[in-house]
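A look at the structure
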Amino acid sequence: PNKLTPETFFKNEAQVQQAVNAIYANLQTRGLYQRNLYYALDNMAQEQMMNPASEADKLQYSRFTFDATHLAIGEYWKSCYRGIIRANFVINNENLIRQIPENELSQTMKDKYIGEARFLRALYYFLLVTRFGDVPLYTVNPDANESGFPRAPKAEVWSQIEEDLEIAAAQCRPKSIEEKGRATSGAAWALLGKAHLFQANASNSQADYSAAGNAFLQVLNDHENYRLEDRYLNNFEEETEHGIESVFEV
C-alpha cells in the first residue's frame, strides 16, 4: 500500500507524463548527450584534437581502435537500452493508459504520450543500429528470470524503427502547439526520413530513397513550423534555441 507498482500505475495524466518524461531524462546520461556522444562523433569525424598523453581513450575514437571494452562504448550501449526499457514500459501499458477516463485524459493526449514513447524508442534503436548493426530487439520488457535476447538482424531493427516512427508521426502533436523539447509529428517524419536514407546508403534501393524523400517532404512542406533561419547563428545560440529551423532538441 505504500509504494507504486506497474500494476497500480497509469491512473491519471500526471503518472503517464512522469513515465514519458523518464524516457526523455535518459537522453541526458553520461553515455549519450550529457557527454560521451560528442567525444565519439567529433573525434571519429576528426573535428577536434586531443592530448595523446592524457586522453588515450578519446584518441581511440579518432584512430578507430576502440572495442567493447572501451568504457564509453559500454555506457552508450547501456544508456540506449535503459531508454528502450523505459519506452517499452509506456508502450506495453497502452491498454491501461487507454482506460483512463476521457475527462481526466483526452484521447488526443493519450495518443500524444504514446506517440512520444514510440518516437523515443525509435531514436534509441536508431542510435544502436547505426553504430552496431545487428542488436538485441526488445519490444516487450523481459522479466527478472530471462537472460537476455540474441542479436536480431538489422533489417528487423530498421523495420521496428519505421513502425514506431509512422505511429509517432500520426499521433504526436505538431511543433506549433507542443511543449518545447518534446517529440513532434515533424520530428517523427524527419527521423523516419533519416532512417530510410541510412538504409538507402547501404542498399542503393530506389524504394528507400523514395521513402526518405516522402518523409522529408512532410517537414519541408510544413512552412508554418519549419523554415531556414534568416540568421544562421540562431541555430547555435542558447537564446534562440527551438527556433524555426529546429526539428528536435535534447
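Residue positions are given per chain, counted from 1 along the sequence in the order it is written. It should be noted that, the model being predicted, local features are given only for residues of pLDDT at least 70 and side-chain atom pairs only at 80 or more, the latter also being counted only at that level, while totals for whole chains, interfaces and linings use all residues. Note: side-chain values were computed over all heavy atoms of the structure, leaving out hydrogens and water.

1. Focus: the pattern of salt bridges
- Within this document, salt bridges are pairs made up of a side-chain nitrogen of Lys or Arg and a carboxyl oxygen of Asp or Glu, the two lying within 4 Å of each other. On inspection of all chains with the given rule, the structure shows twelve salt bridges.
- For Glu163, the salt bridge goes to Arg118, with nearest N and O atoms at 3.6 Å. Placement of the pair is Glu163 in helix α7 (residues 154-171) and Arg118 in helix α6 (residues 107-132), with a sequence separation of 45 residues.
- Only protein chains enter the accessibility calculation, which uses a 1.4 Å probe; a residue whose area is less than 20% of its type maximum is buried, one above 50% is exposed, and one in between is partly exposed. By relative accessible area, Arg118 is classed as buried at 11%.
- The closest approach of N and O atoms between Asp164 and Arg118, which form a salt bridge, is 2.7 Å. Taken together, the residues span a long stretch of sequence, with Asp164 in helix α7 and Arg118 in helix α6 at a distance of 46 residues. With respect to burial, Asp164 and Arg118 carry one shared label: buried. A helix here means a DSSP run of H or I that spans at least four residues, while a strand means a run of E at least two residues long, and both kinds are numbered starting from the N terminus.

2. Focus on the nonpolar core
- Nonpolar cores are built from buried Ala, Val, Leu, Ile, Met, Phe, Trp, Tyr and Cys residues. Side-chain atoms within 4.5 Å join them into one set. Counting residues in each nonpolar core, the largest one holds 53 residues, and the members touching the most others are Val90, Phe119, Tyr124, Tyr125 and Ile161.
- Every element with two or more residues in this core is listed here: α1 (13-25), α4 (71-91), α6, α7 and α8 (185-203).
- Per element, the largest residue contribution to this core is 14 residues, and it comes from α6.
- Those residues in contact with Phe119 that sit more than four places away from it in its chain are Leu165, Ala168, Ala183, Ala187, Ala188, Leu191 and Phe248. For this analysis, residues touch if any pair of their heavy atoms sits within 4.5 Å.

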